[in-house]
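# Chain and residue survey
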Amino acid sequence: MAWHGARPSAALVATAFGMLVALVPSTLTPAHADATHGTGVALRSTVSTADLAAGSASTVAQTGAPRPAGVEPAAWTVLTPITAPELEPTAEPAPEPAPAPAPEPEPTPAAPAPDCAVLACVALTFDDGPGPYTGTLLNTLAAKGVKATFFVLGSRVAQFPDLAARTAAEGHALGSHAWSHQSLTSMPVEQAADEIDSTTVILIQTVGIGGPVLFRPPYGAFDEQVRLTLAERGQPVVLWDVDTEDWKNRDVGVTTHRAVAGASPGSIILMHDIHESTVAAVPGIIDHLQAAGYTLVTLPELLGPTEPGQVYRSR
Ligand code: NI
């Protein structure tokens, strides 16, 4: 497998500590201003047309003059002058009854972050990407208006930088899943630090940064040395409390059931966007969780501020 792209220099690491990617959704355009205004115009236009038609009919009925020879009735009717005084423009029109003022559409700023102290929030998390199915998953999330969190491998970001950038640009949170997906507890500490730092650097280079980089160790495996290494870098350890085992079952129904049945308020749900069956399960998972009253959020929204080296499994 060609997972191992060239690692970035660690020169940016010092500035990278303590950062995370969580982009604010782009501002929406107000959609109702023109429509509201257009209704008023259309109403006036309708009234004038009705008056005009009534005036024509009445004029025709009152004149009773003989029709000029050779002129068809329709043409004659149209040419009859209209004298209805109410159609004359007046300098000062009678004040119209004030229409109820339409509420001004507010310019829509970024939607306020959901308050997970009040709402039943859950976070969908996807590990090991980006990969060939990530684009499809992003399409699904966009169509459903749902934001998720992606724990990416540095080697995969090197391979699919555009997908990583798109993920961030569409308002999802990105965290680090180390560079090569080797267990950090079975390598020298210097090598583990390099796995962590090189991924932080490529996240900065590829998607920009803001806040502490959330870290999820490969296989969820960490020891005190790994935890302290992360703490020195300002990075929390983010695990999960709902394991769909999607990598093992590779089944839409089983993955969906495990995600939905396992969820409780504050849950972190573990999935992998490198499996086609997982990506196929996501629309149903979202529908079921929302029908059950859950609000789907990113991990920064679910957890709020995090502590360096602290271990999180749920809110
Ligand atoms: Ni993984």
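Just so it is clear, the structure is predicted and the values come from calculations on it, not from any experiment.

### Quick word on the overall build of the protein chain
Secondary structure assignment for the protein chain yields twelve helices and nine strands. Burial analysis of the protein chain (315 residues in total) assigns 38% to the buried set. Long-range pairs, those at least 24 residues apart, make up 79% of the contacts in the protein chain with a sequence separation of at least 6. By element, 59% of the accessible surface of the protein chain is carried by carbon and sulfur atoms, the whole surface being about 16300 Å².

### A look at the coordination of the nickel ion
Protein-derived ligands of the nickel ion are Asp-128 (OD), His-177 (NE2) and His-181 (NE2), with the metal-ligand distances lying across 2.1 Å. Positions of the donor residues of the nickel ion along the chain correspond to the pattern D-x48-H-x3-H. His-181 carries the same exposure label as His-177, and that label is buried.

### Notes on unusual backbone geometry
With an omega dihedral of -5 degrees, the bond running from Gly-129 to Pro-130 counts as a cis peptide bond. Positive phi values are uncommon outside glycine, yet Asp-128 reaches one of about 80 degrees. Along the chain, Asp-128 falls in the loop between strand 2 (121–127) and helix 4 (134–144). In this structure, Tyr-219 takes a positive phi of about 65 degrees despite not being glycine. Within the secondary structure, Tyr-219 is located in the loop between helix 7 (189–207) and helix 8 (224–232). Given a relative accessible area of 57%, Tyr-219 falls into the exposed group.

### Some remarks on the pattern of salt bridges
A side chain of one charge can pair with a side chain of the opposite charge when the charged atoms of the two come close. Within this structure, the stated rule accounts for eight salt bridges. Note that Asp-127 is salt-bridged to Arg-216, the shortest N-O span being 2.8 Å. Here Asp-127, found in strand 2, pairs with Arg-216, found in the loop between helix 7 and helix 8; they are 89 residues apart in sequence, far enough to count as distant. On the accessibility criterion, Asp-127 (2% relative accessible area) is buried. You can call Arg-216 buried: its relative accessible area is 0%. Between Arg-233 and Glu-232 there is a salt bridge whose closest N-O contact spans 3.4 Å.

### Let's talk about the pairing of strand 2
The buried count for strand 2 comes to seven of seven residues, which makes it a mostly enclosed element. Side chains of strand 2 alternate between two faces, with Cys-121, Ala-123, Thr-125 and Asp-127 and Val-122, Leu-124 and Phe-126 buried alike. Across five bridges, the pairing between strand 2 and strand 7 (residues 268–272) is parallel. Looking at the pairing, Leu-124 lines up with Ile-269 of strand 7.

### A few points about helix 7
Its 19 residues give helix 7 an end-to-end C-alpha distance of 27 Å, which sits within 8% of 27 Å, the value for a rise of 1.5 Å per residue. Every buried residue belonging to helix 7 is among Ala-192, Ala-193, Glu-195, Ile-196, Asp-197, Ser-198, Thr-199, Thr-200, Val-201, Ile-202, Leu-203 and Val-207, and all of these are buried. One or two positions beyond helix 7, positive phi appears at Gly-208, with a value near 75 degrees.

### Some details on the state of the cysteines
Applying the stated rule across the entire model yields one disulfide. Through a disulfide, Cys-116 is tied to Cys-121; the S-S separation comes to 2.2 Å. Classification of the bridge connecting Cys-116 and Cys-121 rests on its S-S torsion, roughly -90 degrees, and on that basis the disulfide is left-handed. Taken individually, Cys-116 and Cys-121 each receive the classification buried, so the pair is uniform in this respect.

### Topic: the nonpolar core
Judged by nonpolar contacts, the single largest core of 33 residues is most densely connected at Leu-124, Phe-126, Leu-141, Phe-150, Ile-269 and Leu-289. Those elements giving two or more residues to this core turn out to be strand 2, helix 4, strand 3 (149–152), helix 6 (161–169), helix 7, strand 7 and helix 11 (276–291). Among the elements that make up this core, the one with the highest residue count is helix 11 (six residues). Filtering out sequence-adjacent residues up to four positions away, Leu-124 remains in contact with Ala-148, Thr-149, Ile-269, Met-271, Ile-285, Ile-286, Leu-289, Leu-296 and Val-297. Cys-116, Ala-123, Val-238 and Leu-302 belong to the second largest nonpolar core, which has twelve residues in total.

Parameters at a glance
Residues numbered from 1 in each chain as written. Predicted model: local features only at pLDDT ≥ 70, side-chain atom pairs only at ≥ 80, totals over all residues. Heavy atoms only, no water. Helix = DSSP H or I, 4+ residues; strand = E, 2+ residues; numbered from the N terminus. Buried < 20%, exposed > 50% of the residue type's maximum accessible area, 1.4 Å probe, protein only. Contact = heavy atoms within 4.5 Å. Areas by Shrake-Rupley, 256 points an atom, 1.4 Å probe, with all protein chains shown as cover. Donors = N, O, S within 2.8 Å, 3.2 Å for Na, K, Ca; no water. Salt bridge = Lys/Arg side-chain N within 4 Å of Asp/Glu carboxyl O. Pairing = 2+ DSSP bridges. Expected span 1.5 Å × (residues − 1). Disulfide = S-S within 2.5 Å. Core = buried A, V, L, I, M, F, W, Y, C linked by side-chain atoms within 4.5 Å.

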